[in-house]
There are 2 protein chains.
Amino acid sequence: MADTKEISEMIERRLASIELPERARGLYEPVRYALEGGGKRLRPLLAVQACRACGGSADDAVDAALGLEMFHNFTLVHDDIMDNSDTRRGRPSVAARFGNNQAILSGDAMLTLASQLMERVPEGVARAVMSEFNDMALRVYEGQQLDTEFEHRNATIDEYFEMIRLKTGALLASACRIGAMIGGADKATADALYEYGMELGIAFQLRDDWLDTFGDAATFGKPIGGDIVNEKKTWMLITARRESHGELDAILDEDLEPAEKIRQVTRLYERLRVGDRCDAAAAEHHALAIAALDKAQLAEPQLREFFIETVDRMASRKL
Amino acid sequence: MADTKEISEMIERRLASIELPERARGLYEPVRYALEGGGKRLRPLLAVQACRACGGSADDAVDAALGLEMFHNFTLVHDDIMDNSDTRRGRPSVAARFGNNQAILSGDAMLTLASQLMERVPEGVARAVMSEFNDMALRVYEGQQLDTEFEHRNATIDEYFEMIRLKTGALLASACRIGAMIGGADKATADALYEYGMELGIAFQLRDDWLDTFGDAATFGKPIGGDIVNEKKTWMLITARRESHGELDAILDEDLEPAEKIRQVTRLYERLRVGDRCDAAAAEHHALAIAALDKAQLAEPQLREFFIETVDRMASRKL
């Protein structure tokens, strides 16, 4: 049986050979550029492996898997416009390279191309897959909406979890469930894999927040402390605000230089141990992911290992 | 049998009562706002009437018809960002009212909502309808791409027609074909109605270009001469450039005040009779629309009148 590396290579190969229309090439050049940027290809990998674990073939799921990767990259293209981000994965973002207007239009094309790829699944599951895909897409936008709104107001821990479930969890969860549906899973198993993907996403995001403050600048790929500078409503910031009796707000109100702001907030985090506790929360959702996986009746139980390795890697990653 | 007015009212009612998720309301408020802006509702009307003409019921087609209107409005929301347009149908555009970032994100949601509505068609035609919808969407973006590229270079008449077929024709044509497919039309009739919609779109766009220069400011709704000021590559401008032996370029090179530029170019158009000939080209495509309609084997031939009235109204409209 194909191992994870072979599946990853197959996904990469198929992504590189997605056929795009010959008309209006200027529309599709940024699409190709966005897909060539690399990344973990986690979403298509989850979909293909979920399909195989439930007894289907990689071939049956691969187009839908590519559709999920196309969708993910579409959200990055539009997010980078909204966030004014010039860099993505060490290269100019699509917006920086091709301009905002082109990034809007080519991003729109990517969403439609994703939808076209999602259509290419076995007839019997096509409607259910498309319905899952569209529901998921709305949740991702809703998560982005909440994330944006939190820039201008405080958020509670419950709101933070709602936001990351929508923005990060929904796509990973649906990748698993769509793969399972294509593989012919029963509803309980498809739902168990959805829950696995959701908990994976939450653990991933908590770890991501932790890395932004406590990661190693050499391996993280982004400057350390960006979330603090932007006062991003992370688990750590929300918790520190709740527990520091006004001390966090006092620091943030001071209009400090970025480096000093990072230093003071990080010291407060250390004193309150919110870094360690954020990491512990990630570990808790890591455990919930495994517990969800245990509820899935996998037709190919040897693939359980892939899902465990994936959550291990994501919840304790260094970059 | 319901007449056009009743169908239009039904569409308006159904549009106003589209259910949107209760989560992240800030995402959906601009969607509601965009849909409330009015407009001719031409695309949903064509879809419903094509379905009925081919023997189906209005009910079978109405959700897909709403999906087409949602899609159309999505393109307007994103176009208004790209064109920096503050006004749409006499109100602030979504971008002006809610900001560019919100317009990007809510526009994305509208595309997904359109796709969800397109799914709600009778099971037997669902895949074909979704495939038609996605192909059409790409064509619309390609048309927008060409239109944008023409801002920075000259275009030929052939390129102009390619652009308006994609940008304006494809959606009207697909509205007709999707309605026909839902109504159970055979392929020849569905394709004939597609061609009708395409020719309708071309006639519509030629008339729109003509009105922008020769329309009545009181009824047109936009300032007269905007296309000339922006040197938009319309049928008239391309033809005048080809036939005026450098005279058009000489005027455009002069860096004139807008009113004077409009005056001089309009006078050149009049001398070359490109206005009349543009109108004649619209009439030609009007006739091609009727010829296409004659190829359709309508199960309900009394609905032929609706399609004739529609192209009559569009190709000779004053506003």
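Anyway, here's the lowdown on the structure attached to this text. (Residues numbered from 1 in each chain as written. Chains lettered and ligands numbered in written order. Predicted model: local features only at pLDDT ≥ 70, side-chain atom pairs only at ≥ 80, totals over all residues. Heavy atoms only, no water.)

### Quick look at the relation of the copies chain A and chain B
Step number 1: When chain A is fitted to chain B, the best match, at an RMSD of 0.0 Å, comes from turning it 180 degrees and sliding it 0.0 Å along the axis. In short, the pair behaves as if placed about a two-fold rotation axis.
Step number 2: Most of the interface of chain A is mirrored in chain B, where 100% of its interface residues are also at the interface. (Least-squares fit on C-alpha atoms with pLDDT ≥ 70 in both. Contact = heavy atoms within 4.5 Å.)

### Observations regarding the interface of chain A and chain B
Step number 1: If you look at the interface, chain A gives 40 residues, while chain B gives 40 residues.
Step number 2: Taking both partners together, chain A and chain B bury about 3,600 Å²; carbon and sulfur atoms supply 55% of that area.
Step number 3: For the pair chain A and chain B, the interface holds four salt bridges.
Step number 4: Residue E123(A) is joined to R127(B) by a salt bridge in which the shortest nitrogen-to-oxygen separation is 3.0 Å.
Step number 5: Counting the contacts that link chain A with chain B gives 22 residue pairs in polar contact (both at pLDDT 80 or more).
Step number 6: Where the side of chain A that touches chain B is concerned, the elements lending two or more residues are α2 (25–35), α4 (58–82), α6 (100–119) and α7 (126–149) of chain A.
Step number 7: Broken down by element, the residue count for the side of chain A that touches chain B peaks at 14 residues, all from α7(A). (Buried area = accessible area lost by both parts, 1.4 Å probe. Salt bridge = Lys/Arg side-chain N within 4 Å of Asp/Glu carboxyl O. Polar contact = N/O pair within 3.5 Å; in protein donor to acceptor, adjacent residues only side chain to side chain. Helix = DSSP H or I, 4+ residues; strand = E, 2+ residues; numbered from the N terminus.)

### Some words on unusual backbone geometry
Step number 1: A positive phi is found at R273(A), a non-glycine position, where the angle reads about 60 degrees.
Step number 2: Residue class for R273(A) comes out partly exposed when judged on its relative accessible area of 46%.
Step number 3: Not every positive phi belongs to a glycine, and R41(B) is a case in point at roughly 55 degrees. (Buried < 20%, exposed > 50% of the residue type's maximum accessible area, 1.4 Å probe, protein only.)

### Side note on the packing of aromatic side chains
All names here are of chain A.
Step number 1: Counted according to the given criterion, the structure contains 18 aromatic pairs over all chains.
Step number 2: Between Y33 and F98 the ring centres are 5.4 Å apart and the planes differ by 80 degrees, which places this aromatic pair in the edge-to-face class. Residue Y33 is found in helix α2, and its partner F98 is found in helix α5 (residues 94–98); the two are separated by 65 residues along the sequence.
Step number 3: Here the aromatic rings of F71 and F133 are separated by 5.5 Å at their centres, their planes lie at 80 degrees, and the arrangement is edge-to-face. Taken together, the residues F71 in helix α4 and F133 in helix α7 connect sequence positions 62 residues apart. Like F133, F71 is buried.
Step number 4: Joined through ring pairs, the aromatic side chains of F71, F74, F133 and Y141 make up one cluster.
Step number 5: For R177, the ring lying beneath its charged end belongs to Y194, and the centroid distance is 3.8 Å. (Phe/Tyr/Trp six-rings, centres within 6.5 Å; stacked < 30°, edge-to-face > 60°. Lys NZ or Arg CZ within 6 Å of the ring centre and 35° of its normal.)

### Points about the pattern of salt bridges
Residue and element names in this part refer to chain A.
Step number 1: All chains considered together, the criterion is met by 48 salt bridges over all chains.
Step number 2: With a closest N to O distance of 2.5 Å, R25 and E22 form a salt bridge. Here R25 matches E22 in class, with each residue exposed.
Step number 3: Three or more residues joined by partner-sharing salt bridges are found here, namely E132, R177, K187 and D191.

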